[in-house]
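Secondary and tertiary structure notes
One-letter residues, chain by chain:
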Amino acid sequence: MKKLPLACATLLAFGQPALADEWFVEAHFPDDASLLRATARFQHAIVDRQRHVLKVDTDDAGIAALEADGLDVSIDMEGTAKLRGFHTRMQEAIASGTLQLTGGGYPSIPGYACYRKVEGAYQTMDDLAADYPELATIEPIGDSWERTQDPDAGHEMRVLRVTNLDTLAADPDRPRFVAFGSIHAREYTPAELLTRFAEWLVDGYGTDAQATWLVDHVDFRLILMANPDGRKKAESGVLWRKNTNTDNGACPGSPNGSYHAGIDLNRNFPFHWNNGGSSSYACDQTYRGPSAGSEPETQNLVSYVAGTPGTGGVYEGGALPDRRVDDLTTPAPDDYAGIFFDIHSYSQLVLWSWGDTYSASPNDAALRTLGRRLAWFNGYEPMAAVELYPTSGATDDTFYGLLGAPSYTIELGIDFFELCSSFTGSTLPENLAALKYAARAVQAPYRLPYGPDVRGISVEKGPGGTYATLTATVDDTHFSNANGNQTTHVIAGANAYIDTPPWAPGAIAIPLQAVDGAFDEKTESVQGDIALNGLSPGRHLVYVQGVNVRNGGTAGAPDAVFVEVPATAAVTVTPTTLGPGSIDPSSAQTVPPGTTLAFTVSPATGHHVANVAGCPGTFAPPVFTTAPLAASCTLVATFTADLHAVGGTISGLEGDGLVVTLNDASPLEVPAGATSFTFPAPLAYGTTYTVAVASQPTDPAQTCEVTHGDGTINGDVTDVSIACKTGASDVIFRDGFEAGAR
């Protein structure tokens, strides 16, 4: 960086005498006292405490003031050329006479097509409210200073409210996310950042899972233009910071310089007004005004955000609840829901209370934790505001001090008039990411940032669409360590929730598993199967929330992903029987996909279930339970008769045995001396049987007779009786022969 002593630089004047009083300077301060005197006049000064250097853009009067405060001033030639290049670019665009429009067709600042004018931002609000009446509405909050002087001049101050208005009556206490843009008029990027944030929320509803669940469960109150009168001045290239109140008279110097009439609105807020870090000189950039809240813009903003003080000084009726007494030592409860942002440029900082005292705020640890989370996303340096330099009467101290709301100032980017390529390439995406995280944590911003973040959520549906496999990364390390190190913790677990955020009544946690088998690292990949049974066809939100081991388990900010349940036709199970038996229910059952059914399978007497098939599932007699049904099927129960043995007893069998048959078949040889018999082939229940002697015994000859030899099978047959006797004719013949011989 090239620097010149002030005298030399003034002589050179960069060949642009019309702007010769506009500079970017380095001012070397010998001690903190001189720094504090200087920063009381300026804001957005970049402070390098190691080099004892203050960097700021100012004019000749500002340089004189710095020198009067004991600082040694030199000109940053490159920074000055860059600053003047802005004016050149803008004047050329104005001189062209061409209407400048953004890519979306809204009026833009000449030479800076990415930044909407006040009219462009207001037209965007109107369009969003008209196009998405169920998601966006406009709330007027009062007149700017110029309009209080002349009803045909100035502006109506407006809030763009974004939330699911159709469900608001059933959920009136959803947490509020309040943000101001461009309260300092010359800061182009803040209003555009908030405008694009609103567009992302509304345009992404129903298609982007994160935008959808945030709009459903967060009430966004966005004041895109917190200083519309001053912004109109700055849109012409003037380094206008304050509102346009001229009651305190005109100010000397070039219109292109930094010394103008008006009140610095961000030094006019009531909490600890005039407590250092501001100026009593009406032409200074940090002029605090004649009294706290003297300006209509300040009054409108305080009334909208905080409401009005009631009994005991408790504010009522504002966008954010009052849950803290108005002192320097009492903390807000850690279950506070809601958050406040004041978006500024430039310096690449994330700031929180206090701004006017070096004592830590009573919620400093929690504010610092969330601040470091935000700074991880945008890459900025996180710090309490006073660590930069003292300020008082500021927005963040007011809404933290009066209400207890976690309140932050984010200083965007690298310039008041940042080039569009730089804004869209880095400042915009990095800070959208920070705001999205804050919105995910707004349910409990003093608690959730202590828990791990969730990223990279994805789902893949399983076969048949009855389940989805979810994967995600749970990470406890996403903190900026640019200004001190944050303690981080091992991941303890993670849970999924279907269609309900984790804190909502009725939320059912579905445990997820560590991919590597154990939760023992500060970053873990997790997965789990999510059953889709019973979910209606269409798009559903699956939330994921990680937990670390801090204090026995601290949950972090959740995020969500869509899972699509296909709109398939109903499935039908048709019960059928083969053989004697029944299925209950016996009629066809038509159900949604993914349903599980149970059937009782009952065989008739004397029969058993041979098989149940045709539909996926398991049979634990007597009940067949289907798997989650993905397609129609026919459930077939096959019944078979029981088989029973046929046999009995034999008495008196001699000689060479006998042969018996069962139903004139299956001849069975029964040996001599046998006392029982059983046919090897059983008969089915209900069949008839006949046992007969097919071959009588010989040697000696016997006659065997069968009793109980026929009947119907209704169990094992064991009562067939065969009695064998020696034949009578043989005895007579033998006796007669013997008599004749005698």
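Notes on the structure follow.

What counts, and where the lines are drawn
Residue positions are given per chain, counted from 1 along the sequence in the order it is written. Predicted model: local features are reported for residues with pLDDT of at least 70 only, side-chain atom pairs are reported and counted for 80 or more only, and whole-chain, interface and lining totals are derived from all residues. Here the side-chain values reflect all heavy atoms present in the structure, with hydrogen atoms and water set aside. In DSSP terms, a helix is any run of H or I states spanning at least four residues, a strand is any run of E spanning at least two, and both are numbered starting from the N terminus. For this measure, only C-alpha atoms enter the radius of gyration; the expected value for a globule follows 2.2 Å times N^0.38, where N is the number of residues. The accessible surface values rely on the Shrake-Rupley method and a 1.4 Å probe; as for residues, cover is taken only from the protein chains in view. In this tally, Lys and Arg are treated as positive and Asp and Glu as negative; His is ignored, and so are the chain termini. Charged side chains are reduced to one point each, which is NZ for Lys, CZ for Arg, CG for Asp and CD for Glu. Here a pair means two rings of Phe, Tyr or Trp (six-membered ring of Trp) with centres within 6.5 Å. Their orientation is stacked below 30 degrees between planes, edge-to-face above 60, and tilted elsewhere. We call a residue buried when its accessible area falls under 20% of the maximum for its residue type, exposed when it is over 50%, and partly exposed in between, using a 1.4 Å probe and counting protein chains only. Over a ring means this: the NZ of a Lys or the CZ of an Arg is within 6 Å of the ring centre and within 35 degrees of the ring normal. Being paired, for any two strands, means DSSP has found at least two bridges between them. Structural elements are reduced to axes, namely lines fitted to C-alpha atoms, with helices fitted over the stretch in contact, and the angle between N-to-C directions of any two is expressed from 0 to 180 degrees. Contacts: residue pairs with any heavy atoms within 4.5 Å of one another. Given a helix with a known number of residues, its expected span is that number minus one, times 1.5 Å.

1. Observations regarding the overall build of the chain
For the chain, the count of helices and strands is 15 helices and 44 strands. At 45 Å, the chain has a C-alpha radius of gyration far larger than the 27 Å of a compact globule built from 742 residues. For the chain, the C-alpha atoms occupy an extent of roughly 175 × 55 × 50 Å along the three principal directions. Approximately 29,300 Å² of the chain is accessible, and the part contributed by carbon and sulfur atoms is 53%. Separation between the mean location of the 43 positive side-chain charges and that of the 86 negative ones in the chain comes to 10 Å.

2. Description of the packing of aromatic side chains
Scanning the entire structure with this criterion turns up 23 aromatic pairs. Between F197 and W200, the ring centres sit 6.2 Å apart and the planes meet at 10 degrees, which makes this aromatic pair stacked. Of this pair, F197 and W200 both sit in helix α7 (residues 188-203), three residues apart, which is roughly one turn of the helix. Among the residues examined, W200 registers a relative accessible area of 18% and is labelled buried. Of the aromatic side chains, those joined through ring pairs into one cluster are F177, F197, W200, F220, F341, W352 and Y408. Over the ring of F562 we find R539, and its NZ or CZ is 4.6 Å from the ring centre.

3. Thoughts on the sheet that holds strand β32 (residues 617-620)
What the four strands build is an open sheet, ordered β28-β30-β33-β32; its pairing is antiparallel. Since the sheet does not close on itself, it has two edges, and those belong to β28 (581-584) and β32, each with one partner. Strand-to-strand twist across the sheet, computed as the mean angle between neighbouring axes with direction ignored, equals 20 degrees. With four bridges joining them, β28 and strand β30 (residues 598-603) adopt antiparallel strand pairing.

4. A few points about the side chain of K436
Mapped onto the secondary structure, K436 falls in helix α14 (residues 420-441). For K436, the contacting residues outside a window of four places in its chain are F197, W200, Q210 and L214.

5. Quick word on helix α5 (residues 118-131)
The first and last C-alpha atoms of α5 sit 20 Å apart over 14 residues, in line with the 20 Å expected at 1.5 Å per residue. For α5, the secondary structure elements touched by its buried residues are β7 (112-116), β8 (136-143), β9 (156-162), α7 and α9 (228-234).

Shape is all these values report; function is a separate question.
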